[in-house]
Amino acid sequence: MIHEFGGIAWSELSHAYGQADDVPGWLADMASADAKIRGEALSSFVSAVHHQGGVYDSTIASLPFLFALADDPVMPDRASIVGLLVSIGQHALDGEGLGYVDSGHDQCARAFRARSAAFLAYAADNERGVRHRAIEGLGLFVDDADLAVAALRERLLAEDGSAERLVVVAAMATLALRLLEACEPVTLWLKALSHDTTVEPEVRLAALVHAVRVAPGLLDSTTVPTAIGLLREISHPVSGPRPKCACTASKDEQQQDAPPEIVAAFEDLDRWGRLHALTTPLLRTFHEFLDARVSDRTALLAEQLTSPHQGSRHDAIRMARELISTWRGDHSRLIGLLADLVDPDTPDTTAESAETLAALAPLTEPARPALVAYVTAQTPDAWTHPDPRSRRAYQQSVLALATLNDPAALPPLLTALDGDTDAWRAVQASRHLPEAAADLLPRLTRRLYRADLSTEWSDMSTNALISALSRLGDPAAVPVLVHIATTAADHRSCHLTAYALNALASFGSAAAPALPLIHSLTTADDPAVRASAASALWAITTAPAVPVAILTALLESHAQREAAEALGRIGTPAAPAIPLLRTMLTASYDWTRIHAAAAIWDITADPTVLSILLTAWDENPATAVFVLACLTRMGPAAAPALPRLREELARPHRSDSFLHDVSRDESVQHACRTLLASLSSSSVKERLESIMISVKPDGEAV
């Protein structure tokens, strides 16, 4: 059947990249005798027809051919095909009944249930890889609970590999969570298995974890200690499989003509898909289930991070990062354990730990001594170490130190900027070291003068250089910023031009040499460029007339938020803009409303905008930093925000945690505490004054 494509109008079907005419070729090549052709065909199919888990009409049309490949016992790479089928089916089930328009999830899910017998056969196949990939399908696609339970129990007895047996336990839990009638028998089976000392501790741990997932009432104070005990029983390291990523293009596609930042991003994605211990997926599932039980998760992670098995320690690093990035609290114990993993004998784990410590700044202060010791034990030339693993470990440690503004990071950063090996990392890190501006500025300036804005990816590296120069705060950067703004304007790179103008504005009157250029750009075609030019003109000259006129006109353009923010900085002289700013208060987009509200306060001190700011903060936690900055400027007028400030500080969950930005959330908490103290102090003072006035000795008010 695999070559019988003629009955399908493939050109009328689609996938992630357009018409599906190329799908028959990929399907045919999956049956090729050439392993390279098969691999490329599978990669292309996944990238387009199952892109990021997508289910398209071409995906559904391909199912009979994929099943034909999987059914043929002499077909090579059957395990990969079965794995692809399971992935398609799982994503179809995830989207079933959600009403996706023209998605085909419901139709696709029905197709998999109709082929449940195929997965029963695959799960008993002679080929181990096919069985391993198919077992999950028994929990997903078989609707006969008794049949599925019996098949999975049989597989646990028949399989002799821990990897397959762990998949059996997970599939049993999936079945129970999907079919109500399977819940009770599966729960009893999992409880019994978790206490069965005749099976390996990995399987007992899996049974324990999945039992509480199926029956959450089983979770009690003994669950995590029992899990820790089972982890300690695992006496030998078992490596986990390295899964293929089903959502990215091939490595050649990723790296073709791409800048090093993009190449590194794809390498990071590849690393994130690797497993170094067999129990890692299970423990991730356990952490997801434990969720807000931070103390339990910390105890579990402490065991994982001190495991005698390097793979287990390595995989625990990301779980620790996810916990700290999601939940507030005292994480010093985990930070200390992450610091202990910075070890020259384990470069991969050192790199992973150092990268995590950098992402968790400013909480990583306790790790400073370990990072300093690791970096200073080597010469700055280690930045260019010939071994990529050692090089990455050293570089990530330097970057983590830079986020702590530690001077030990400077020598290797200078080495990087003087050469070409991963200098882009040093550019990004240099913004954290303003005290070293004298050393960094000439090197960053030289690179910015050499920037070629005609290339496709030039904005990425140029933006990083501009940002670093702005953050360093040395006015000696003004000439090169004028140069890059001029060049960007000549290349009609509006985003880059505006970015350079904003950097010039940060230097205030010291950027006066840029005024001729800025004046010329106040009439630029692009509204964002005009807004940045007007803002820079005010920052340098503090003469409001021209900037206010330009910015007020821009309140009716797509640069209205930038214009509103700039008008707020100008303050009272920007009063002519108030009518248009008030119209922005009714916008549907929350960011538009809060920019307008903040500007109105900064111009008129109108306290009625407070409700708009607080409503936007409630609706969109990402606005917290901006809103809090405005509340701070409002001073005592922000007193009605006191309950919201207390509410924010009482939340155990990090603000805007989906961005995993610890530094941002720490800033939110600090701003809340500072503002709360200030407003509370003002409130107490007002009450005392009121009491004193009401006291009238000898008939006179005091």
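All residue numbers here refer to positions counted from 1 along the written sequence of the relevant chain. The predicted nature of this model means local features are confined to residues of pLDDT at least 70 and side-chain atom pairs, given and counted, to a pLDDT of 80 or more, with totals for whole chains, interfaces and linings taken over all residues. To obtain the side-chain values, all non-hydrogen atoms of the structure were used and water was disregarded.

1. Some remarks on the overall build of the chain
Thought 1: By definition, any uninterrupted DSSP run of H or I lasting at least four residues is a helix, any uninterrupted run of E lasting at least two residues is a strand, and each is numbered from the N terminus. Broken down by element type, the chain carries 37 helices and two strands.
Thought 2: The C-alpha extent of the chain, read off along each of the three principal axes, is 90 × 75 × 55 Å.
Thought 3: Burial classes: relative accessible area under 20% of the type maximum marks a residue as buried, over 50% as exposed, and values in between as partly exposed (1.4 Å probe, protein chains only). When each of the 702 residues of the chain is scored for burial, the buried share is 52%.
Thought 4: Considering only contacts in the chain between residues 6 or more positions apart, those separated by 24 or more positions represent 65%.
Thought 5: Surface exposure of the chain reaches about 31100 Å², of which carbon and sulfur atoms provide 54%.
Thought 6: Note on charges: Lys and Arg go in the positive column, Asp and Glu in the negative column, and His and the chain ends are not counted at all. One atom stands in for each charge, and that atom is NZ of Lys, CZ of Arg, CG of Asp or CD of Glu. Once the 57 positive and 86 negative side-chain charges of the chain are each reduced to a mean point, those two points are 4 Å apart. In this analysis, two residues are considered to be in contact whenever any of their non-hydrogen atoms come within 4.5 Å of each other. To be clear on the numbers: accessible area is Shrake-Rupley with a 1.4 Å probe, and residue cover counts the displayed protein chains and nothing else.

2. As for helix H21 (residues 388-403)
Thought 1: One less than the number of residues in a helix, times 1.5 Å, gives the span that helix is expected to have. In this model, H21 (16 residues) spans 22 Å end to end at C-alpha, consistent with the 22 Å of a helix rising 1.5 Å per residue.
Thought 2: Restricting attention to buried positions, one finds in H21 the residues Arg392, Ala393, Tyr394, Gln395, Gln396, Ser397, Val398, Leu399, Ala400, Leu401 and Ala402.
Thought 3: Where the residues of H21 are buried, they touch helix H14 (260-272), helix H19 (347-359), helix H20 (368-376), helix H22 (410-418) and helix H23 (423-430).
Thought 4: Phi turns positive one or two residues past the end of H21, at Asn405, with a value near 55°.

3. Some remarks on the packing of aromatic side chains
Thought 1: Working definition: a ring pair exists when centres of Phe, Tyr or Trp rings (six-membered ring for Trp) sit within 6.5 Å. Plane angles under 30 degrees give stacked, over 60 give edge-to-face, the rest tilted. Tallying each qualifying case throughout the model produces eight aromatic pairs.
Thought 2: Between Phe67 and Phe112 the ring centres are 5.8 Å apart and the planes differ by 55°, which places this aromatic pair in the tilted class. Of the two residues, Phe67 is situated in helix H3 (residues 57-71) and Phe112 in helix H5 (residues 105-114); the sequence distance between them amounts to 45 residues.
Thought 3: Classification of Phe67 as buried rests on a relative accessible area of 2%.
Thought 4: Given a relative accessible area of 0%, Phe112 falls into the buried group.
Thought 5: When the centroid spacing of 4.8 Å and the interplanar angle of 45° are considered together, the rings of Phe119 and Phe141 count as tilted. Note that Phe119 is positioned in helix H6 (residues 116-122) and Phe141 in helix H7 (residues 128-141), a separation of 22 residues in sequence.
Thought 6: Given a relative accessible area of 0%, Phe119 falls into the buried group.

4. Side note on the side chain of Arg155
Thought 1: In this structure, Arg155 sits in helix H8 (residues 145-158).
Thought 2: In this structure the side chain of Arg155 is engaged in a polar contact, spanning 3.0 Å, whose partner is the backbone oxygen of Ala123.
Thought 3: Arg155 has contacts with Ala123, Ala124, Arg131, Leu138 and Val168, leaving out every residue within four places of it along the chain. The definition of a polar contact used here is a pair of N or O atoms within 3.5 Å, where within protein one atom must be able to donate a hydrogen and the other to accept one, and adjacent residues in sequence count solely through side-chain atom pairs.

5. With respect to the packing of helix H30 (residues 545-554) against helix H31 (residues 560-570)
Geometry of a packed helix pair, given as the angle between the helix axes and the separation of the axes.
Thought 1: Closest axis-to-axis distance for the H30/H31 pair is 8 Å, and the angle between their directions is 145°. Two packed elements cross with a definite hand, and for H30 against H31 that hand is left-handed. Contacts between H30 and H31 involve Pro547, Val548, Leu551, Thr552 and Leu554 on the former and, on the latter, Gln560, Ala563, Ala566, Leu567 and Ile570.
Thought 2: Taken together, the residues that form the contact of H30 with H31 break down as eight nonpolar, two polar and no charged. Axis angles are defined between N-to-C directions and span 0 to 180 degrees, where every axis is a line fitted to C-alpha atoms and, for a helix, only to the segment in contact. Crossing handedness is read from the near helix: turned anticlockwise from the far helix by less than a right angle, it gives a left-handed crossing, and turned clockwise, a right-handed one. Classes in brief: Ala, Val, Leu, Ile, Met, Phe, Trp, Tyr, Cys and Pro nonpolar; Asp, Glu, Lys and Arg charged; the others, Gly included, polar.

6. Here's the deal with the pattern of salt bridges
Thought 1: We define a salt bridge as a contact between a side-chain nitrogen of Lys or Arg and a carboxyl oxygen of Asp or Glu at a distance within 4 Å. Inspection of the entire model under this criterion finds 37 salt bridges.
Thought 2: Note that Arg368 is salt-bridged to Glu365, the shortest N-O span being 2.7 Å.
Thought 3: Across the pair Arg654 and Glu666 runs a salt bridge, and its minimum N-O distance is 3.0 Å. Placement of the pair is Arg654 in the loop between helix H36 (642-650) and helix H37 (662-694) and Glu666 in helix H37, with a sequence separation of twelve residues. The pair formed by Arg654 and Glu666 is uniform in burial state, with each residue classed as buried.
Thought 4: Within this structure, Arg328, Asp618, Arg644, Glu648, Arg651, Arg654, Asp665 and Glu666 form a network of salt bridges that share partners.

7. Notes on the nonpolar core
Thought 1: Among the nonpolar cores identified, the biggest contains 179 residues, and Leu66 and Leu481 are the most heavily contacted of them.
Thought 2: If we skip the residues at most four places from it in the chain, Leu481 touches Leu448, Ile466, Leu469, Ala500, Ala503, Leu504 and Phe507.
Thought 3: Side-chain atoms within 4.5 Å are what join buried Ala, Val, Leu, Ile, Met, Phe, Trp, Tyr and Cys residues into a set we call a nonpolar core. The next biggest cluster of nonpolar side chains, apart from the first, holds 54 residues, and it includes Trp538, Leu554, Ala638 and Leu679.

8. Here we look at the confidence of the model for the chain
Thought 1: Each residue carries a pLDDT score, the predictor's confidence in it, ranging from 0 to 100. Predicted confidence across the chain gives a mean pLDDT of 91, with 92% of residues reaching 70 or more.
Thought 2: Predicted confidence for residues 240-254 stays below pLDDT 50, and this span has 25 contacts to residues more than four positions away or in other chains.

9. Some details on the environment of Gln90
Thought 1: Tracing the sequence through the fold places Gln90 in helix H4 (residues 78-95).
Thought 2: Given a relative accessible area of 28%, Gln90 falls into the partly exposed group.
Thought 3: Considering only alpha carbons, one finds Gln90 and Ser588, 498 residues apart in sequence, at a separation of 36 Å.
Thought 4: Once residues within four sequence positions are removed from consideration, Gln90 is found in contact with Glu136, Leu140 and Phe141.

10. Quick look at the environment of Asp72
Thought 1: Tracing the backbone through its elements, the reader meets Asp72 in the loop between H3 and H4.
Thought 2: Separated by 120 residues in sequence, Asp72 and Ala192 place their C-alpha atoms 38 Å apart.

11. Regarding unusual backbone geometry
Thought 1: Following Ala361, the chain continues to Pro362 via a peptide bond in cis, the omega torsion being 10°.
Thought 2: For Pro362, the position within the fold is in the loop between H19 and H20.
Thought 3: Of note, Asp422 is a non-glycine position whose phi angle comes to about 50°, a positive value.

12. Comments concerning H22
Thought 1: For H22, the full list of buried residues reads Leu410, Pro412, Leu413, Leu414, Ala416 and Leu417.
Thought 2: Turning to H22, the residues buried within the fold contact H20, H21, H23 and helix H24 (437-449).

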